[in-house]
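Residue-level listing of the chains:
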Amino acid sequence: MTTTDPIAAGYTRTRPSSGGRSGTSTYSALLAQVKDHHLLRRRTGFYWSLFGSLAGTLTLAWVAFAFLGDSWFQLIVAAALGVIFTQFAFLSHEAAHRQIFTSQRWNDRAGRYIGTFLVGLSYSWWMNKHTRHHGNPNTVGKDPDIAPDTIRFLPEDAAAVRGPLRWLMRVQGYAFFPLLAFEGVNLHWLAVRSIATGKDTKADVRHRWLEAGLLAVRFGLYLTAVFWFLPFGMACAFLGVQLAVFGIMMGASFAPNHKGMPTIAHDAKVDFFSRQVRTSRNIRGGWWVSFLMGGLNYQVEHHLFPSMPRPALKQARLLVRDHCDTLDVPYTETTLLRSYGIVVRYLNRVGLSARDPFACPMVAELRIH
């Protein structure tokens, strides 16, 4: 069963099958199927090949940078770097979920060096934030991904906005994707701030110092290369394009997965299977969508089995869909462009309903109580 529309309210747990099984037992049955198909087996060959391909592409990009010299064609290289850094960020994300190696230590090392040194993010900050998201997706007061920021994802948060930014709430859906052009700068800033202050990170002192050193070397080498070999104006344009592409690709990969799906009240009792399936949206489109989104197009399967390697998610999708059909649980899936439309409309509705969130019909429509 697939749908592109928001799921109706009034649902608190997986509907038992004819055998009267609970939400926990139905998930256990699905997990058993996944294990029988060996879908949790590590695919290190795939990840080493992917890493090698990305490392080779990164090298070619810097070779092109050296050959082009003082040329506005450098902006093409900048855009390519934005794409490449995004792909490395996906690899770091998969290492954080223990998808690459059997060893937790090697996954952490890979995630930290790829995410911090190559991409310029704080691995510890990301781990802390993303772990909380996976534990409570779209849950009010628990999921940091729907916490109030420049964009507000809940009507009550939009209603709390005062001052000049209040006008933004009415059109925040239309502003969302343009604002993603600044998300690359924001992610780098959050990395530096979290390491400098220890805020929103559970890293010990040793790892904070390691990440501080990796960030310093990363930004030092990168900024030196750009500003040493390019005129100042061209260097600024180069950074602007690279950061904009990186921010848009990162945001456009994560936004379709949960935005516009049901939110869960802070104190609601929802079983694991229902919580993960009903708040997640898959994206159709084939191998190219899977590449662009780093496997996050299989968001339902990723949330049900966070340690599942990327190549296995496509096969797991078939098992999960059949399982949802058996339980009469909505399985949400749509195209990439349609998902963006859903996100834009949802955010605009949140902003327009901000005048009276307690009377907003959308709250009743989209929230699981």
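Keep in mind it's a predicted model, so treat the numbers as computed, not measured.

What about empty space enclosed by the protein?
- Applying the stated criterion across every chain yields a total of 5 cavities of 30 Å³ or more.
- Taken as a whole, the largest cavity spans an internal volume of roughly 100 Å³.
- Lining the largest cavity, in full, are Ala89, Phe90, Ser92, His93, Gly115, Val119, Leu121, Tyr123, Trp126, Met250 and Phe254.
- Elements represented by at least two residues in the lining of the largest cavity include exactly helix H3 (74–96), helix H4 (104–119), helix H5 (123–135) and helix H11 (232–254).
- The greatest single-element share of the lining of the largest cavity, amounting to 4 residues, is contributed by H3.
- Partitioning the lining of the largest cavity into residue classes produces 8 nonpolar, 3 polar and no charged.

Considering unusual backbone geometry
- You will see that His38, though not glycine, has its phi angle at about 60°, which is positive.
- As for its placement among the helices and strands, His38 is situated in the loop between helix H1 (23–36) and helix H2 (44–68).
- The exposure class assigned to His38 is exposed, which follows from its relative accessible area of 54%.
- The backbone of Asp328 sits at a positive phi, close to 60°, despite the residue not being glycine.
- Tracing the backbone shows Asp328 in the loop between helix H15 (313–327) and strand E4 (331–335).
- On the basis of relative accessibility, which here comes to 39%, the residue Asp328 falls in the partly exposed class.

Some details on a nonpolar patch on the surface
- Taken together, Tyr113, Phe117, Val217 and Leu221 make up a surface patch of nonpolar side chains, about 370 Å² in accessible area.
- Only H4 and helix H10 (205–229) provide two or more residues apiece to the nonpolar patch.
- With respect to the element layout, Phe117 can be found in helix H4.

A few points about the packing of H2 against H3
- Orientation of H2 relative to H3, taken along the N-to-C sense of each, is 160°, at an axis distance of 10 Å. Considered as vectors, H2 and H3 are oriented roughly antiparallel to each other. In this structure, H2 crosses over H3, and the sense of that crossing is left-handed. Touching Tyr47, Leu50, Phe51, Leu54, Ala55, Thr57, Leu58, Ala61, Trp62, Ala64, Phe65 and Leu68 of H2 are Gln74, Val77, Leu81, Ile84, Phe85, Gln87, Phe88, Leu91 and Glu94, all from H3.

As for the environment of Ala159
- Along the polypeptide, Ala159 turns up in helix H6 (residues 155–159).
- When its relative accessible area of 13% is taken as the criterion, Ala159 is described as buried.
- It is 8.7 Å that separates the C-alpha atoms of Ala159 and Met169, two residues lying 10 residues apart in sequence.

Points about the pattern of salt bridges
- This model, assessed by the stated rule, comprises 6 salt bridges.
- The closest approach of N and O atoms between Lys129 and Asp145, which form a salt bridge, is 2.4 Å. Residue Lys129 is located in helix H5, and its partner Asp145 is located in the loop between H5 and H6; the two are separated by 16 residues in the primary sequence.
- Glu333 is paired through a salt bridge with Arg317; the nearest N and O atoms lie 2.6 Å apart. Here Arg317 lies in helix H15 and Glu333 lies in strand E4, a separation of 16 residues in the sequence.

Overview of the packing of aromatic side chains
- Applying the stated criterion to the full structure yields 17 aromatic pairs.
- Considering the side-chain rings of Tyr27 and Phe272, the 5.0 Å spacing of their centres and the 70° angle between planes classify their relative orientation as edge-to-face. Residue Tyr27 is located in helix H1, and its partner Phe272 is located in helix H12 (residues 272–278); the two are separated by 245 residues in the primary sequence.
- With relative accessibility at 38%, the residue Phe272 sits in the partly exposed group.
- Both rings, one in Phe51 and one in Phe88, keep their centres 6.1 Å apart while their planes meet at 70°; by these two values the pair is edge-to-face. Of the two residues, Phe51 is situated in helix H2 and Phe88 in helix H3; the sequence distance between them amounts to 37 residues.
- Residue classification places Phe88 among the buried positions, given a relative accessible area of 1%.
- A connected cluster of aromatic rings, assembled from ring pairs, spans Trp62, Phe65, Phe85, Tyr222, Phe229 and Phe238.
- The ring of Phe85 has Arg218 lying over it, and the distance from NZ or CZ to the ring centre is 4.8 Å.
- One cation-aromatic arrangement involves Lys259 over Phe153; the distance from NZ or CZ to the ring centre is 4.9 Å.

Criteria and thresholds
- Residues numbered from 1 in each chain as written.
- Predicted model: local features only at pLDDT ≥ 70, side-chain atom pairs only at ≥ 80, totals over all residues.
- Heavy atoms only, no water.
- 1 Å grid on protein atoms, 1.4 Å probe; cavity = no way out; pocket = protein on both sides within 12 Å on 5 of 7 lines; lining within 4 Å.
- Points joined across faces, edges and corners; volume = space filled by probe spheres on them.
- Helix = DSSP H or I, 4+ residues; strand = E, 2+ residues; numbered from the N terminus.
- Nonpolar A, V, L, I, M, F, W, Y, C, P; charged D, E, K, R; others polar.
- Buried < 20%, exposed > 50% of the residue type's maximum accessible area, 1.4 Å probe, protein only.
- Patch = residues over 30% accessible without salt bridge, like charges linked within 9 Å, V, L, I, M, F, W, Y side chains within 5 Å.
- Areas by Shrake-Rupley, 256 points an atom, 1.4 Å probe, with all protein chains shown as cover.
- Salt bridge = Lys/Arg side-chain N within 4 Å of Asp/Glu carboxyl O.
- Axes fitted to C-alpha atoms, helices over the stretch in contact; angles between N-to-C directions.
- Parallel < 35°, antiparallel > 145°, perpendicular 65-115°, else oblique.
- Left-handed = near helix turned anticlockwise from the far one by under 90°.
- Contact = heavy atoms within 4.5 Å.
- Phe/Tyr/Trp six-rings, centres within 6.5 Å; stacked < 30°, edge-to-face > 60°.
- Lys NZ or Arg CZ within 6 Å of the ring centre and 35° of its normal.

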